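# A closer look at the structure
Listed below are the residues making up each chain.
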Amino acid sequence: MKENKIKVGIIQHSSVHQNLAASVEKLTTLLEQAARQDLQMVVVGEGWLSGYPVWFDYVPEAALWNHLPTKKLYARFRENSVVIDGAEMEHICALAKKHQLVLSLGMNERVEKGVGVGSVYNSLVLIDANGIIVNHHRKLVPTFTEKLVHAHGDAAGLKAEDTKVGKVGGLICWEHWMPLNRQALHNDAEQIHVAMWPNVHEMHQVASRQYAFEGRCFVLAAGQMLKAKDLPEELTLPENLATNPEQYILRGGSCIIAPDGRYIVPPVFDKEEIVTAEIDLQEMYYEKMTLDTSGHYYRPDIFSFSVNRNRPSFE
């Protein structure tokens, strides 16, 4: 029988951008820290392995057509992305098992053979405390400049899955503004929702809190950290960044939200730490009395809803 009270945490530390081996090594240390804090579930943010492609937002030359530095950067970006059945994921799954942690991990994902071998996906992987991957979600639609490096995903992972701590689902960034995504997860009896963002700025806070209120679930909204000096060496930084290399351009904003939309832990900005809280899953049902979007506030006699969860074959 699962416990109602769960200790959860969000790792708001920068990865080693565009360096997969060093990022995995850093994650190993951070998960050890999380285990020492007796956390039962840990979230690591969007594209953490090995870095969200934020350079398009800050370095205009990155989007130039046939620009050799950007093409070289893309090759390095792909090389430092994760293969789902590769050695890095095997190591990370072993860490989850060793520390008895449910782990929700954001990554850039590549495939090694067949269709899509030249593409990179913005992915979220859910690992249970036994070290088994129970869900693998690829962001359905890359947002704006992400389209330059990320491929379209599918709905194979658009679901909530049973874990040691309860029913866990997740969405990546602007997927939270796709209403049918939300309904798919609400219908799966989601208890804990992972909301992955680059920065959890004001509108992302609004989306995360609205999701908690609508779904009557707990939301762990995970932000990223990145300093200007860590932007890719292939690109020439604008003067305002080159002269202030220590400034954060990804500032975090991670927070933990209750099923009534209130903050349990308010947003944490400009600080690298593990953001933690204890949540009580029973609180969901206090709130579902007034709103259950997959139950008494759902009208299947009026609306029809289905999800195509087939994943294209890459064999």
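Our subject is the structure listed above.
Structural notes, computed from the coordinates.

At a closest axis distance of 10 Å, the pairing of helix H1 (residues 20-36) and helix H4 (residues 87-99) adopts a crossing angle of 5°. In this view, H1 runs roughly parallel relative to H4, as classed from their interaxial angle. Across the interface between the two elements, Leu20, Val24, Leu27, Thr28, Leu31, Glu32 and Ala35 from H1 touch Glu88, His91, Ile92, Leu95, Lys98 and His99 from H4. Taken together, the residues of the contact of H1 with H4 sort by class into seven nonpolar, three polar and three charged.

Most of strand S9 (residues 218-222) is tucked away, with five of its five residues classed as buried. For strand S8 (residues 192-196) and S9, the ladder comprises five bridges, and the chain directions are parallel. For alanine 195, the partnering residue across the bridge sits in S9 and is alanine 221. Of the crossover connections in this fold, the one passing from S8 over helix H6 (residues 202-215) to the parallel S9 is right-handed.

Counting through the fold element by element, histidine 150 comes out in the loop between strand S5 (133-138) and strand S6 (161-163). Judged by its relative accessible area of 5%, histidine 150 falls in the buried class. Along the backbone, histidine 150 and histidine 296 are 146 residues apart, and their C-alpha atoms lie at a distance of 38 Å. Here asparagine 108 takes part through its side chain, which lies 2.9 Å from a polar atom of the side chain of histidine 150.

In this section: unusual backbone geometry. Negative phi is the rule for most residues except glycine; trans is the rule for most peptide bonds. Here leucine 49 and serine 50 are connected by a cis peptide whose omega angle stands at -10°. Here alanine 189, not a glycine, exhibits a phi torsion of approximately 60°, which is positive. Here alanine 189 shows up in the loop between helix H5 (179-186) and S8.

Counting buried residues along S8, five of its five residues qualify, which places the element largely inside the surrounding structure. Of the two faces of S8, the one carrying Ile192, Val194 and Met196 and the one carrying His193 and Ala195 are both buried. As defined by bridge partners, strand S7 (residues 166-172) adjoins S8 across five bridges and the pair is classed as parallel. Each bridged residue has a counterpart across the sheet, and for valine 168 the counterpart in S8 is isoleucine 192. In the classification by handedness, the crossover that spans S7, the intervening H5 and the parallel S8 is right-handed.

If you look at the biggest cluster of nonpolar residues, it comprises 44 residues, and the most contacted ones within it are Met41, Val43, Ile192, Val219, Leu220, Ile256 and Ile279. For this core, the element with the highest residue contribution is S9, accounting for five residues. Leaving out residues up to four positions away in the same chain, methionine 41 has contacts with Lys7, Val8, Gly9, Leu101, Val102, Val165, Val168, Ile192, Val194 and Leu220. By size, the runner-up hydrophobic cluster in this structure holds 25 residues, among which are Ile11, Leu27, Leu101 and Met107.

With that out of the way, let us pick up the sheet that holds strand S3 (residues 102-110). Here six strands make up an open sheet; going across it, the order is S5-S4-S3-S2-S1-S13 and the pairing mixed. Both outer strands of the open sheet, S5 and strand S13 (273-280), are each paired with one neighbouring strand and no more. Ignoring which end each strand starts from, the neighbouring axes of this sheet average 20° apart. Looking at chain direction, strand S1 (residues 5-12) and strand S2 (residues 41-49) are connected through four bridges and run parallel. Across the sheet, residue glycine 9 finds its bridge partner in S2, namely valine 42.

Turning to helix H3 (residues 68-79), a few remarks are in order. For H3, which comprises 12 residues, the first-to-last C-alpha distance of 17 Å matches the rise-based estimate of 16 Å (1.5 Å per residue) to within 8%. What H3 keeps buried is the set Thr70, Leu73 and Phe77. When H3 is viewed along its axis, its buried side chains cluster within an angular range of 60° and face the same direction. Away from its buried face, by an angle of more than 90 degrees, H3 presents the exposed residues Lys72 and Glu79. For H3, the secondary structure elements touched by its buried residues are helix H2 (55-58), S3 and strand S4 (120-127).

What counts as what
All chains use their own residue numbering, which begins from 1 and follows the written sequence. Local features in this predicted model are restricted to residues whose pLDDT is 70 or higher, and side-chain atom pairs enter the listing and the counts only when it is 80 or higher, whereas totals over whole chains, interfaces and linings include all residues. The basis for every side-chain value is the complete set of heavy atoms in the structure, and neither hydrogens nor water enter the calculation. Note on method: axes are straight lines fitted to C-alpha atoms, helices fitted across the in-contact stretch only, with angles between N-to-C directions ranging 0 to 180 degrees. In this description a helix means any DSSP run of H or I spanning at least four residues, a strand means any run of E spanning at least two, and both kinds are numbered starting from the N terminus. Note that the term roughly parallel is reserved for angles under 35 degrees, roughly antiparallel for angles over 145, roughly perpendicular for angles of 65 to 115, and oblique for everything else. Residue contacts are counted whenever heavy atoms from the two residues lie within 4.5 Å of one another. Side-chain classes follow a simple rule in which Ala, Val, Leu, Ile, Met, Phe, Trp, Tyr, Cys and Pro form the nonpolar group, Asp, Glu, Lys and Arg form the charged group, and the remainder, Gly included, forms the polar group. Three exposure classes are used, based on accessible area relative to the maximum for each residue type with a 1.4 Å probe and protein chains only: buried under 20%, partly exposed in between, and exposed over 50%. In this description, strands pair whenever DSSP reports at least two bridges between them. Seen with its strands pointing away from the viewer, a crossover is right-handed when the path leading from the first strand over the helix to the second is clockwise. Any pair of N or O atoms that falls within 3.5 Å is considered a polar contact. Within protein, one atom must be able to donate a hydrogen and the other to accept it, and sequence-neighbouring residues count only if both atoms are side-chain atoms. We call a set of buried residues a nonpolar core when its members are Ala, Val, Leu, Ile, Met, Phe, Trp, Tyr or Cys and they connect through side-chain atoms within 4.5 Å of each other. What a helix is expected to span follows from its residue count: subtract one and scale by 1.5 Å. Note that the arc is computed from the directions linking the helix axis to the C-beta atoms.

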